[in-house]
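Coordinate inspection notes
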Amino acid sequence: MTYQETLNWMFAQLPMYQQKGADALKHKLDNILNFSQHLDSPHTKFKSIHVAGTNGKGSSSHMLASILQEAGYRVGLYTSPHLKDFRERIRINGEPVDEKFVTDFISVNKDFLEANSLSFFEMTVGMAFSFFAEEKVDIAVVEVGLGGRLDSTNIITPEITLITNIGYDHMDILGDTLEKIALEKAGIIKKGIPTVISEKQPETTGIFEMIAAQKSSQLIFAQEEQLESYETDLMGEYQKKNIQGVVTAIRQMKGFVISEEHIKKGLTRVSENTGLLGRWQILGIEPTVICDTAHNKEGLEVIFKQLKKLKYDTLHMVVGFVSDKNLDALLPLFPKEATYYFVRPEVIRGLSEEIVKEKANLIGLIGESYSSVGEGLITAKKKAKTSDLIYIGGSTFVVAEVL
């Protein structure tokens, strides 16, 4: 199979969470453990950092990788979802896995994958871990896909565990309270391995303290550490909390030589070193065009706080959602002083632009609907003056279509 045929097979073979939602999930680790054994246990052949959390886990993973790269290490980075190309998920020192490795890996393991009905995510995790082991990385930063306890990445024993924060997302799978969601995320805490929490929250502190005590894991709340202020090339006020967790985690690592200079350089070269996309990314000026992948209550609140600090005449909002989002909870967060362009992301789970428009109009978010993200953005650009601002977001998949 060609690279594109291989991807088509992977996406079509079995449900993928990003496309299908909760149906794609297998609520146990048996499959990935069997697959890893079949691959000769690559997850035991490299050191790692495990990163979970509702918001900030992607940015934090990229920051960690960038700092470690600045310190001279060969660093694997596993993140999800991808925005433009599947290979974004699996990188070493910022370079995506090559197409040949992807096609060869699937070709060699296809019979096993089919016979054991592995999910898209399980086969991708096996691929990433095999790549990191084969390429002999010094360390890999591994981002949890969803939740933690039953996530396919949760077969590694890392050097350190980082949990960024807990918010309301994927409640159909992880639970409907912050405590329940925290319990799932805390499932990545390992016996005797230090755990850093970026953001201390009253609802979840007790959960983390309980699980850490059970696992004899040293628990460090980054907000309680006395850290100096750091700059980063990643835009957005919200990165300050991520930086606290990242720097605290780096300082807890044993056996790695990482100086203050490495930390500072790593934080200011994240995009350059790791290829991160879609986080408060400026796509144009006159008018200013910004996109961000924030897609849940906590993430969007931070984004809109950031928007208020910018100067512009009229705000144009190109927004779309996927079908499992609770619009009744999310839409009231959006600014009313704006012109809206409601769009549908081009994935199976994409929510109809007409449904979004209808619900939004009811609460005073006024605008028109467009059948594609591209059409909505083109219209916004035509209507916007050079002194205006266009924001694109609501879903990772909306942002993916404009990059």
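Definitions and limits used
Residues numbered from 1 in each chain as written. Predicted model: local features only at pLDDT ≥ 70, side-chain atom pairs only at ≥ 80, totals over all residues. Heavy atoms only, no water. Helix = DSSP H or I, 4+ residues; strand = E, 2+ residues; numbered from the N terminus. Rg over C-alpha atoms; globule rule 2.2 N^0.38 Å. Buried < 20%, exposed > 50% of the residue type's maximum accessible area, 1.4 Å probe, protein only. Areas by Shrake-Rupley, 256 points an atom, 1.4 Å probe, with all protein chains shown as cover. Lys, Arg positive; Asp, Glu negative; His and termini not counted. Charge placed at Lys NZ, Arg CZ, Asp CG, Glu CD. Salt bridge = Lys/Arg side-chain N within 4 Å of Asp/Glu carboxyl O. Pairing = 2+ DSSP bridges. Axes fitted to C-alpha atoms, helices over the stretch in contact; angles between N-to-C directions. Contact = heavy atoms within 4.5 Å. pLDDT = per-residue confidence, 0-100. Patch = residues over 30% accessible without salt bridge, like charges linked within 9 Å, V, L, I, M, F, W, Y side chains within 5 Å. Phe/Tyr/Trp six-rings, centres within 6.5 Å; stacked < 30°, edge-to-face > 60°. Lys NZ or Arg CZ within 6 Å of the ring centre and 35° of its normal. Arc of directions from axis to C-beta.

A tally of helices and strands in the protein chain yields 17 helices and 14 strands. Against the globule reference of 22 Å for 403 residues, the protein chain gives a C-alpha radius of gyration of 21 Å, in line with a compact fold. Counting only C-alpha atoms and orienting by the principal axes, one finds that the protein chain spans roughly 55 × 50 × 40 Å. By residue count, 58% of the 403 residues in the protein chain fall in the buried class. Of the roughly 16,700 Å² of accessible surface on the protein chain, 49% is carried by carbon and sulfur atoms. Within the protein chain, the 53 negative side-chain charges are centred at a point lying 2 Å from the centre of the 44 positive side-chain charges.

Below, the discussion takes up the pattern of salt bridges. Between side chains of opposite charge, a pair can form as their charged atoms come close. If you walk through the whole model with that rule in mind, you get 17 salt bridges. One salt bridge connects Lys200 with Glu224, and the closest N-O pair in it is separated by 2.5 Å. Linking Lys200 in the loop between β7 (195-197) and α9 (202-214) with Glu224 in the loop between β8 (219-221) and α10 (239-252), this pair joins segments that are 24 residues apart in sequence. Put simply, Arg349 and Asp324 hold a salt bridge, and the shortest N to O gap is 2.9 Å. You can see Arg349 sitting in the loop between β12 (339-342) and α15 (353-362) and its partner Asp324 sitting in the loop between β11 (315-319) and α14 (327-330), a full 25 residues away along the chain. Exposure remark for Arg349: the relative accessible area of 7% places this residue in the buried category.

Before going further, it helps to spend a moment on unusual backbone geometry. Look at the link from Ser80 to Pro81: it is a cis peptide, with omega at -5°. Residue placement: Pro81 occurs in the loop between β2 (75-78) and β3 (90-92). Between Glu286 and Pro287 the backbone carries a cis peptide bond, its omega angle lying at 0°. Position of Pro287 relative to the elements: it lies in the loop between β9 (281-284) and β10 (288-291). For Ser117, which is not a glycine, the phi torsion comes out positive at approximately 50°. On the secondary structure map, Ser117 appears in the loop between α5 (99-115) and α6 (120-134).

Mapped onto the fold, Glu261 is located in helix α11 (residues 260-268). Considering only alpha carbons, one finds Glu261 and Lys325, 64 residues apart in sequence, at a separation of 42 Å.

Spatially, the six strands line up as an open sheet ordered β9-β10-β14-β11-β12-β13, and their pairing is mixed. A strand with exactly one partner marks an edge of an open sheet, and here the two such strands are β9 and β13 (367-369). The sheet shows a mean angle of 20° between the axes of neighbouring strands, taken without regard to direction. Here β9 runs beside β10; their pairing, made up of three bridges, is antiparallel. Residue pairing in the sheet places Gln281 in a bridge with Cys291 of β10. Relative to β11, helix α16 (residues 373-383) is tilted by about 175°, and along the sheet it contacts β10, β11, β12 and β14 (389-393).

Bringing the environment of Ala212 into the picture now. Mapping Ala212 onto the fold places it in helix α9. A relative accessible area of 3% places Ala212 in the buried class. Ala212 sits 22 residues away from Lys190 along the chain, and the two C-alpha atoms are 8.2 Å apart. Discounting chain neighbours no more than four positions away, the residues touching Ala212 are Ile189, Ser217 and Leu219.

A word on the confidence of the model for the protein chain. Reading fine detail from the predicted coordinates is not recommended where pLDDT is low. In the predicted model, the protein chain carries a mean pLDDT of 93, and 95% of its residues have values of at least 70. Predicted confidence is poor over residues 17-21, with pLDDT under 50, and the contacts of this stretch with residues over four places away or in other chains come to 20 contacts.

On the surface, Met235, Ile282 and Ile285 cluster together into a nonpolar patch covering about 310 Å² of accessible area. Here Ile285 lies in the loop between β9 and β10. What makes Ile285 exposed here is its relative accessible area of 71%.

What follows concerns the packing of aromatic side chains. Enumeration over the complete set of coordinates arrives at 17 aromatic pairs. Within the aromatic cluster, the residues linked to one another by ring pairs are Phe35, Phe46, Phe101, Phe105, Phe112, Phe129, Phe131 and Phe132. The ring centre of Phe221 lies 4.7 Å from the NZ or CZ of Lys200, which sits over that ring.

Time to look at helix α3 (residues 30-38). Within the span of α3, buried status applies to Asn31, Ile32, Phe35 and Ser36. Summarising the axial view, the buried residues of α3 lie within an arc of 130°, below the 170-degree limit, and thus occupy one face. Turning to α3, the residues buried within the fold contact α5 and α6. Where α3 ends, the next residue or the one after it, Asp40, has phi of about 75°, a positive value.

A separate point is the sheet that holds strand β6 (residues 160-163). The strand order across the open sheet formed by eight strands is β4-β3-β2-β5-β1-β6-β7-β8, and the pairing between neighbours is mixed. In this open sheet, the two edge strands, each paired with only one partner strand, are β4 (95-96) and β8. Lying on the sheet, helix α4 (residues 57-70) is in contact with β1 (48-52), β2, β5 (139-143) and β6; it crosses β5 at an angle near 170°. α6 contacts β2, β3 and β5 of the sheet and is inclined by roughly 15° relative to β3.

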